[in-house]
Amino acid sequence: MKIYATYNIKGGVGKTSAAVNLAHLAARSGYNVLLWDLDPQAAATYLFRVRPKVKGGSRALVDGTRSLDDAIKATDFDGLDLLPADFRYRNMDLQLDDMKRPTRRIHQLLRPFDDEYDVVFLDCPPSISLLSENVLHAVDTLLVPMIPATLSVRTFDQLSGFVGDFDGRRPRVRAFFSMVDARKRLHRDLVEQLPAERAGILKTAIPALSIIEQMAEQRAPVTAFAPHSVAAMCYEALWHEVNGVETA
Amino acid sequence: MGKFSRAFSRQGAVDVEAVEAALHPNFALVAGPERTVSHTWLDTFDWRLHSAGISLEYVDDGPLIMEFPDGSRLQGPRAKKWPALLHDLPAGRLRDALDPIVAPRALLSVVTVQRAVRESRVLNADEKTVARLLTQSADDGTSQLQVQPLRGYELDGDRIARLMGSVDGLTASTTTPYDDALALASRSPSDHEQNPTAPLRPETPAPVAIANMLAQFAAAIDDNVAGTIAAIDTEFLHDLRVAVRRTRSILKLVGDVLPANLADRFQPEFKWLGDLTTPVRDLDVYLLELDNMAARLASADPRDLDPFRSFLIRHRAAERRRLVRGLRSRRFEQLMSDWRTELAQVAADGDGGPAVAAVARRRIEGAFRKVVRRGKRIAADSPSDQVHELRKRCKELRYLLEVFRPLCADAPYRPLIKELKALQDTLGDFQDGEVQREAVREFAAVMMEQGAAPPATVLAMGELAAQLDAHQLNARGALVGRLKPFLANENRARVKALVR
């Protein structure tokens, strides 16, 4: 089981769009996939038309009184299941803090699914918190969508440094440019130069396209409702790059 | 699975509008297009999946779908062609799930049927798919409708199933699509059941009862010939041999009740058949066991045994040619055809002879006495040939207990057979250890003669022989302990009370 998370300290950078489309593509290529929407805003859950409710909330999941298994819902797409968000996930930090090894709990909770899923995506809320630290310890690869800007690159460096200081198991950190506006010179320059200059930055960039925003109206991944669109092809290239890096 | 039937059938086509109306207003239906698909179901020759309540199928060029008795499903990639052994399937969860049930048997295609199918989606108020409705129509004019709830939407699945129950003409199905397809298959699981068509009754004349029994073994031999010749899996030959061995044992132990020296006339021919099949089976056993044995090597590298494996495979190929020639020979064909004719004649002649219960009682008691007599002489240091004699007597007793099972009372039978099995396992370990060790030595000698054994291989085979030696020593240690309870007075009493 490979675990990925889409994560950034900043919000509105395309985390959920990436998680939803990559998860859909992974399932379409034959993997059994689970997407866990950890963000109390429940955008991924909404996109799959699932109600953002988990019995007992995050407390029951974190302390183990309810199994994750009971909360999983199939999406409309073969091979892709969703663990929905719940507004009570906003308290997850406090609940994790009550546990014995608070930074390893998410990893522990996912372990029983090793036989059931080939790929897990975690769609994380934007923040630095105990939850995000849990995610960093649980994943094999951290996918960091970045809007092309100098400050974003700085944040990526901070994150790489933080993960680099982990004892033992460390996730790979892979950033990719997201919401790229080809009309902006800075965007074009950074997208062109940075992957060659800096390790850990993927070649594929996701452009800012209105069809990606339409996901909220269509309530489906763009790779499902517009599979031949430029946006879908970019996500496909991203998935091949991510999956290729994993299997290389 | 919910409390409600999720499978329905009806005469004629399923009316999509009626289904839609029944779902309204809680659910909406998005009907998919109708298309003709071909379903192929797979199973082992001896119906292992069917017996476990499991179905394994693929639709058109789709993946394999394994469905468990609780309705849960597992998908995985297909083999390139059928029949296929498990290692012909790509590694993965499906193969892992099949392994404990199927191995070492091959998967065969049981039946392929064409069906007109339509997959529709049932949506809730959020327009989220909560279940799929699968309708299928067969050539005989019947249709089936299946409610397949999506994970996490089981309660909706139950509601939808309840609503389907109210659609005119739809009734809860008692059969699965696999059951229905099996009606069109050339073989069926009931062909394979061991129970005789004419049940064994205590008062049946012994010659008739024994002839019926032998006719079943003859049918088992016939059943397994084609699979053995085609080398589909190793179990065809194994099952063929079991039927031959049972035939020979029955001829030896109760053959005297058959008229016209039948037993004397056919015993040598079945010995020929048994001997014909032995070398390939022995080699099958080595090859099946070799990986396990190689994994236990402490000093040698498992790869050192590769030349031994190649030798066994070459040797097996030569022996298989001899076996196939024998099974295609006029001699074999004549044997089986004469045998069936003679047995049918005995069964048709009917009356005369003692009742089978009386014969069973005497022969089981006699066989048990022999086991006890031999068993009492066994001590921890008894020579191997004495142990082997005991093993043969135990086998004879086991065959009699098995064939006369329907005449036996449950209460004494169960503990008796359980203890006998335990004793036989130990005796089996003892003999296998010895026979295999001797064979490994002989193979090593032949390989060296042929220049096919590098020193590392000979050393590894030496370690194998030592392993087998240790195995036999263990079995010897356990033997006296196993014999004691079997020889106890309790079992004498059980044998006395056995045949009703």
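Right above here is the structure, for reference.
None of these values were measured; they are calculated from a predicted model.

Undergrad: I keep staring at the overall build of chain B and nothing clicks. Help me out?
TA: Assigned secondary structure in chain B consists of 15 helices and ten strands. Taking all 500 residues of chain B together, the buried fraction comes to 33%. For chain B, contacts bridging at least 24 residues in sequence account for 69% of all contacts bridging at least 6.

Undergrad: Can you walk me through the overall build of chain A in this structure?
TA: Secondary structure assignment for chain A yields 13 helices and eight strands. The globule rule puts the C-alpha radius of gyration for 248 residues at 18 Å, and the 17 Å found for chain A is close to it. Per-residue burial over chain A gives 44% buried out of 248 residues. Considering only intrachain contacts with a sequence separation of at least 6, the fraction spanning at least 24 residues in chain A is 76%.

Undergrad: Can you walk me through the pairing of strand β7 (residues 108-123) of chain B in this structure?
TA: Residue and element names in this part refer to chain B. Where strand β2 (residues 28-30) meets β7, three bridges bridge the pair, whose relative direction is antiparallel. Bridging from a neighbouring strand, V30 pairs with R121 of β7. Where β7 meets strand β8 (residues 129-137), eight bridges bridge the pair, whose relative direction is antiparallel. The partner of V122 across the bridge, within β8, is A131. Where β7 hands over to β8, the hairpin turn is made up of five residues, of which E127 adopts a positive phi near 60°.

Undergrad: Looking at this structure, I do not really get the sheet that holds strand β8 (residues 201-207) of chain A. What am I missing?
TA: Where strands meet in a sheet, backbone hydrogen bonds hold them as pairs that are either parallel or antiparallel. All names here are of chain A. Reading across from one edge, β3-β4-β2-β5-β1-β6-β7-β8 is the order of the eight strands in this open sheet, with mixed pairing throughout. Among the strands making up the open sheet, the edge pair consists of β3 (73-74) and β8. Alignment of strand β2 (residues 33-37) against strand β5 (residues 119-123), held across five bridges, turns out to be parallel. Note on β5: the bridge partner recorded for W36 is L122. Contacting β1 (2-6), β2, β4 (80-83), β5, β6 (141-146) and β7 (172-180), helix α1 (residues 15-28) runs over the sheet at an angle of about 165° to β5.

Undergrad: I tried to follow the interface of chain A and chain B on my own but got confused; where do I start?
TA: A common measure of how large an interface is: the accessible area buried when the components associate. Chain A puts nine residues into the contact, and the matching count from chain B is nine residues. Residues belonging to the side of chain A that touches chain B are distributed by class as follows: three nonpolar, no polar and six charged.

Undergrad: So what exactly am I meant to see when it comes to helix α8 (residues 150-164) of chain A here?
TA: Residues and elements named next belong to chain A. For α8, with 15 residues, the first-to-last C-alpha span of 21 Å sits near the 21 Å given by 1.5 Å per residue. Every buried residue belonging to α8 is among S152, F156 and L159, and all of these are buried. Relative to the axis of α8, the buried residues are bounded by an arc of 65° and lie together on one face. Along α8, the residues that are exposed and aim more than 90 degrees away from the buried face are T150, L151, R154, Q158, G161 and G164. Looking at the buried residues of α8, the elements they touch are β6 and β7.

Undergrad: Quick question: what am I supposed to make of the environment of I106 of chain A here?
TA: Residue and element names in this part refer to chain A. In this fold, I106 is placed in helix α6 (residues 105-110). Considering only alpha carbons, one finds I106 and Y4, 102 residues apart in sequence, at a separation of 13 Å. Those residues within four positions of I106 in sequence are excluded, and the remaining contacts are N134, V135 and A138.

Undergrad: I tried to follow unusual backbone geometry on my own but got confused; where do I start?
TA: Generally, phi is negative for residues other than glycine and the peptide bonds are trans, each holding for most cases. For the peptide bond that leads from W82 of chain B to P83 of chain B, omega is -5°, which places it in the cis range. The residue P83 of chain B is located in the loop between β6 (73-76) and α3 (93-102) in this model. The omega torsion across A103 of chain B and P104 of chain B is 5°, close enough to zero to call that bond cis. Structurally, P104 of chain B can be placed in the loop between α3 and β7. Residues other than glycine seldom take positive phi values, yet M179 of chain A does so here, at roughly 55°. By the secondary structure assignment, M179 of chain A is in strand β7. A residue is classified by how many C-beta atoms lie within 10 Å of it, and M179 of chain A, with 19 of them, is partly exposed. Of note in the backbone geometry, A231 of chain B takes a positive phi value of approximately 55° without being a glycine. Take A231 of chain B: it is sitting in the loop between α6 (206-229) and α7 (234-254). Classification of A231 of chain B as partly exposed rests on a count of 15 C-beta atoms within 10 Å.

Undergrad: Help me out: how do you make sense of the packing of helix α8 (residues 262-295) of chain B against helix α10 (residues 330-349) of chain B in this one?
TA: Each pair of packed helices gets described by two things: the angle between the helix axes and the distance between those axes. Residues and elements named next belong to chain B. Between α8 and α10, the shortest axis-to-axis distance is 11 Å and the interhelical angle comes to 145°. The chirality of how α8 crosses α10 is left-handed. For the pair formed by α8 and α10, the contact residues are L262, F266, E269 and L273 on the first element and F332, L335, W339 and E342 on the second. Tallied by class, residues from the contact of α8 with α10 come to six nonpolar, no polar and two charged.

Undergrad: Looking at this structure, how should I read helix α14 (residues 455-487) of chain B?
TA: Residue and element names in this part refer to chain B. Between its first and last C-alpha, α14 extends 48 Å over 33 residues, near the 48 Å set by a 1.5 Å rise per residue. Within α14, the axis deviates most sharply at A478, by approximately 35°. Turning to α14, its buried residues number three or more, namely T457, A460, M461, L464, L468, Q472, A475, R476, L479 and L483. Check the buried side of α14 and you find it contacts α8, α9 (306-327), α11 (356-376) and α13 (410-449).

The rules we used
Residues numbered from 1 in each chain as written. Chains lettered and ligands numbered in written order. Predicted model: local features only at pLDDT ≥ 70, side-chain atom pairs only at ≥ 80, totals over all residues. Helix = DSSP H or I, 4+ residues; strand = E, 2+ residues; numbered from the N terminus. Buried ≥ 20, exposed ≤ 12 C-beta atoms within 10 Å, placed from the backbone. Contact = placed C-beta atoms within 7 Å. Rg over C-alpha atoms; globule rule 2.2 N^0.38 Å. Pairing = 2+ DSSP bridges. Axes fitted to C-alpha atoms, helices over the stretch in contact; angles between N-to-C directions. Nonpolar A, V, L, I, M, F, W, Y, C, P; charged D, E, K, R; others polar. Expected span 1.5 Å × (residues − 1). Arc of directions from axis to C-beta. Left-handed = near helix turned anticlockwise from the far one by under 90°. Bend = angle between axes of the 7 residues up to and from the residue.

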